[in-house]
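Structural features, examined
Listed here are the chains, written in short residue letters.
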Amino acid sequence: MNKDNEEPMRGLFITGTDTGVGKTMVTAAIAAALRADGCQAGVWKPVQSGAGLGSGETDAERLLQLTGIKEQPDTVAPYTFEAPLAPMLAARLAGVTLTLQELIAAGKPLIERYDALLIEGAGGVAVPLNDDALIVDLIAELQIPALIVARSGLGTINHTILTAAFLSQHRIPILGVILNDCDDQDIQNDPSVVTNAELIEQYSGLPVLGRFPFLPAEVHTDLFIHTARKSIQLAPIKKALKIVPR
Ligand SMILES: Nc1ncnc2c1ncn2[C@@H]1O[C@H](COP(=O)(O)OP(=O)(O)OP(=O)(O)O)[C@@H](O)[C@H]1O
Ligand SMILES: [Mg+2]
């Protein structure tokens, strides 16, 4: 995927071990921190399902609200389907067949407008987009590296290693893993959280680039940026996005 057929696109695909693991939170946190550091970073959600634009509940609207980026939600998420189903099924209910080419073409305005894009997937890597393609095929077509968001708690070693293996099978470079504290109560009662990061590094060979803490629902932008800087290693992300350090 080229910006002008010469320069490779500067993007990072934020995938996850499952739906609901915190991809939107982590995507927004990285974008907000990069923007606070002076980079013109944008967000893109190629396809979303489960709510309609205008509800305030779609990922595109949450990404814009959390980052403060001024953009139209339907530009950030050109394909939105209301049914609470995987994109392929939600699209089919709306009479639409998704193609990789059309999904990517719809992101062109964002690719052209921003220095770097944080692209949020839908669910995990093996989520169907159409009869022939999964999310992993979209990442491969974009020719950008992936970052895996995973739960901090019990079960995450298995899910993360499986996700990494599937990405590697499709020759997608993986920048690393970010663990996310999706649920405060669960995390506090889970003794696995203290060893999960090092075991993921040991068995997958991937770096864990941070553990994002549980935040209150209405988090102030300053605290959001501060939390991102404190909990996520931004240097390897900037390097992958070819953002020159200031
Ligand atoms: N670090 C966190 N602190 C507080 N709440 C969180 C955190 N991470 C996730 N959540 C909450 O958990 C829910 C799921 O998170 P999120 O929507 O980011 O997951 P997702 O992986 O983007 O899901 P989807 O597959 O639907 O895109 C949301 O309600 C979100 O606000
Ligand atoms: Mg999301």
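Once a new chain begins, its residue numbering starts again from 1 and follows that chain's sequence as written. Each chain gets a letter, beginning with A, and each ligand a number, beginning with 1, in the order they are written. In keeping with the model being predicted, local features are shown solely for residues with a pLDDT of at least 70 and side-chain atom pairs are shown and tallied solely at 80 or more, while totals for entire chains, interfaces and linings include all residues. As a rule here, side-chain values come from all non-hydrogen atoms in the structure, and water together with hydrogens is ignored.

**Re the site of ligand 1**
Convention followed: The criterion for a residue being near a molecule or strand is simple. One of its heavy atoms has to lie within 4 Å of it. In protein, a polar contact means a hydrogen-donor-capable atom and an acceptor-capable atom, both N or O and within 3.5 Å, with residues adjacent in sequence counting only if both atoms are side-chain atoms; elsewhere, any N or O pair within 3.5 Å suffices. Reported accessibility uses the Shrake-Rupley method at a 1.4 Å probe radius. Residues are deemed covered only where the shown protein chains occlude them. Counting from the N terminus, the helices are the DSSP runs of H or I reaching at least four residues and the strands are the DSSP runs of E reaching at least two. Here the nonpolar group is Ala, Val, Leu, Ile, Met, Phe, Trp, Tyr, Cys and Pro; Asp, Glu, Lys and Arg are the charged ones; every other residue, Gly included, is treated as polar.
Close to ligand 1 lie 19 residues, the nearest being Thr-19, Lys-23, Asp-59, Arg-62 and Leu-215. Contact distances for ligand 1 include 3.4 Å between a nitrogen atom and a backbone N or O atom of Asp-181. Protein chains bury 76% of the 630 Å² of accessible surface belonging to ligand 1 in isolation. Those elements that place two or more of their residues in the shell around ligand 1 are helix H1 (23-36) and helix H2 (59-67). Among the elements that make up the shell around ligand 1, the one with the highest residue count is H1 (3 residues). In terms of residue class, the shell around ligand 1 is made up of 7 nonpolar, 6 polar and 6 charged.

**Re the packing of H1 against helix H11 (residues 221-231)**
The cut-off we apply is this: Only C-alpha atoms enter the line fits that serve as axes; for helices the fit covers just the stretch in contact. Angles between N-to-C directions range over 0 to 180 degrees. Oblique is the label for any angle not under 35 degrees, not over 145, and not in the 65 to 115 range, which are roughly parallel, roughly antiparallel and roughly perpendicular in turn. Every residue pair with non-hydrogen atoms within 4.5 Å of one another is taken to be in contact.
The contact between H1 and H11 brings their axes to 8 Å, and the two run at 95°. When the interaxial angle is binned, H1 and H11 end up roughly perpendicular. Here Met-25, Ala-28, Ala-29, Ala-32, Ala-33 and Ala-36 of H1 lie close against H11, whose contacting residues are Phe-224, Ile-225, Ala-228 and Arg-229. Classifying every residue of the contact of H1 with H11 by side-chain character gives 9 nonpolar, no polar and 1 charged.

**Looking at the UniProt feature "active site" (unreviewed entry) in the chain**
How we decide: UniProt positions are given in the numbering used here, feature names are shortened, and annotations may be inferred rather than shown by experiment. Here the term buried applies to any residue with accessible area under 20% of the maximum for its type, exposed to any over 50%, and partly exposed to those in between, with areas from a 1.4 Å probe on protein chains only.
Per the UniProt annotation, the sites labelled "active site" (unreviewed entry) are Lys-45. With relative accessibility at 4%, the residue Lys-45 sits in the buried group. Once residues within four sequence positions are removed from consideration, Lys-45 is found in contact with Asp-59, Leu-63, Val-76, Ala-77, Pro-78, Glu-120, Gly-121 and Ala-122.

**Comments concerning the pattern of salt bridges**
For clarity, the cut-off: We define a salt bridge as a side-chain nitrogen of Lys or Arg found within 4 Å of a carboxyl oxygen belonging to Asp or Glu.
For the structure shown, the criterion picks out 9 salt bridges. Residue Lys-45 is joined to Asp-59 by a salt bridge in which the shortest nitrogen-to-oxygen separation is 2.8 Å. Placement of the pair is Lys-45 in the loop between strand S2 (41-44) and strand S3 (48-49) and Asp-59 in helix H2, with a sequence separation of 14 residues. For Asp-59, a relative accessible area of 15% corresponds to the buried category. A salt bridge links Lys-45 to Glu-120; its shortest N-O distance comes to 3.0 Å. One end of the pair, Lys-45, is in the loop between S2 and S3; the other, Glu-120, is in strand S5 (residues 116-120), and 75 residues separate them in sequence.

**With respect to the side chain of Thr-27**
Note that Thr-27 resides in helix H1. Discounting residues that sit within four places of it in the chain, Thr-27 has contacts with Ile-14, Val-43, Leu-63, Leu-118 and Glu-120.

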